[in-house]
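# Per-entry structural report
Listed here are the chains, written in short residue letters.
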Amino acid sequence: MRRITMKVAGLLATGAASAILMAGTAQAAATNTTLLGSLHLTKTDSTGTTTSADLSCSAVRDGSGLTSITGTGTVTNPNAACTELVGVNGDFSKLLVHPTWMVMALQAPVTATAKGSWGGAGVNWSHTYVNGSELAKYTGDVFGF
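Note that the structure is a prediction, hence the values are computed from the model and not measured. Throughout, a residue's number is its position along its own chain's written sequence, starting from 1. For a predicted model such as this one, the threshold for reporting local features is a pLDDT of at least 70, and the threshold for listing and counting side-chain atom pairs is 80 or more; totals across whole chains, interfaces and linings nevertheless cover every residue. For the side-chain quantities, the full set of heavy atoms in the structure was used; hydrogens and water were omitted.

## Things to note about the pairing of strand β3 (residues 67-73)
Put simply, side chains in a regular strand alternate between the two faces of the sheet. Examined bridge by bridge, strand β2 (residues 50-61) and β3 share seven bridges and lie antiparallel to one another. Looking across to β3, one finds that A59 is bridged to I69. Two strands pair if DSSP finds at least two bridges between them. Numbering of helices and strands runs from the N terminus; a helix is a DSSP stretch of H or I covering at least four residues, while a strand is a stretch of E covering at least two. Between β2 and β3, which pair antiparallel one after the other, the connecting turn spans five residues, and G65 there sits at a positive phi close to 95 degrees.

Set out below in C-alpha cells:
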C-alpha cells in the first residue's frame, strides 16, 4: 500500500495527473454547440382541435471536427425532426420527407404552423394539408406529436 501511495504522490509531483485532467478539460472545451433554431409548432385538425409542441435544434461539433444534429422538445422524435429541418435549411415550404408515400383520399384538413427562429431569421409559416396523411408525408417527424 505504501508503494502505491508513493507512486501516486510521484505522479502528482511530476504533474502527470494534472496533464491527464487538463486533457479531459481541453477535449470538453473543444466541443462547440450552435443553436440552429427554436420553434413553436401547432397543428389544428378539421374539428378545430389544436395540439402544440416545441422544438429546439442544435449542431454539435466535437473535438475531432465531427458535427451531429441534436434536438430537444416535446415532439415525438426531436433528433429526427431536426435532421429533417437541417436538410432544407429550416425552410418548411421545401419539406418533402417521404416523397414516395401515397396519401389517403380522405378530406380532413390539418393546418400546421411554425413560429420562432431558424438560423437567426424569424419563422412564421403555415400550411393546410388535405389530411394527417399528407401532413406526415411532407413534414415527417417535425409535426409528429
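## As for the environment of G120
Following the sequence through the fold, G120 ends up in the loop between β4 (110-118) and β5 (121-129). A 1.4 Å probe rolled over the protein chains alone gives each residue an accessible area, and that area as a share of the maximum for its type sets the label: buried under 20%, exposed over 50%, partly exposed in between. Looking at G120, the relative accessible area reads 80%, which means it is exposed. Linking G120 and G37, residues 83 residues apart in sequence, is a C-alpha distance of 7.6 Å.

## A word on the environment of D45
Locating D45 in the fold gives a position in the loop between β1 (32-44) and β2. Contacts were defined at the residue level, with two residues in contact if any of their heavy atoms lie within 4.5 Å. In this structure D45 touches P109 and V110, once residues within four positions along its chain are discounted. Identification of polar contacts relies on pairs of N or O atoms within 3.5 Å, with a donor-acceptor requirement for protein atoms, meaning one able to donate a hydrogen and the other able to accept it, and with residues adjacent in sequence counted only if both atoms are side-chain atoms. There is a polar contact of 2.6 Å between the side chain of D45 and the side chain of T47.

## Concerning helix α3 (residues 78-87)
Taken together, the buried positions of α3 are occupied by P78, A80, A81, C82, E84 and L85. The secondary structure elements touched by the buried residues of α3 are β1, β2, β3, β4 and α4 (132-139). Immediately beyond the C-terminal end of α3, within one or two residues, lies N89, with a positive phi of roughly 50 degrees.

## Observations regarding the environment of I69
Looking at the element boundaries, I69 is found in strand β3. A C-alpha to C-alpha distance of 7.1 Å links I69 and C57, two positions 12 residues apart in sequence.

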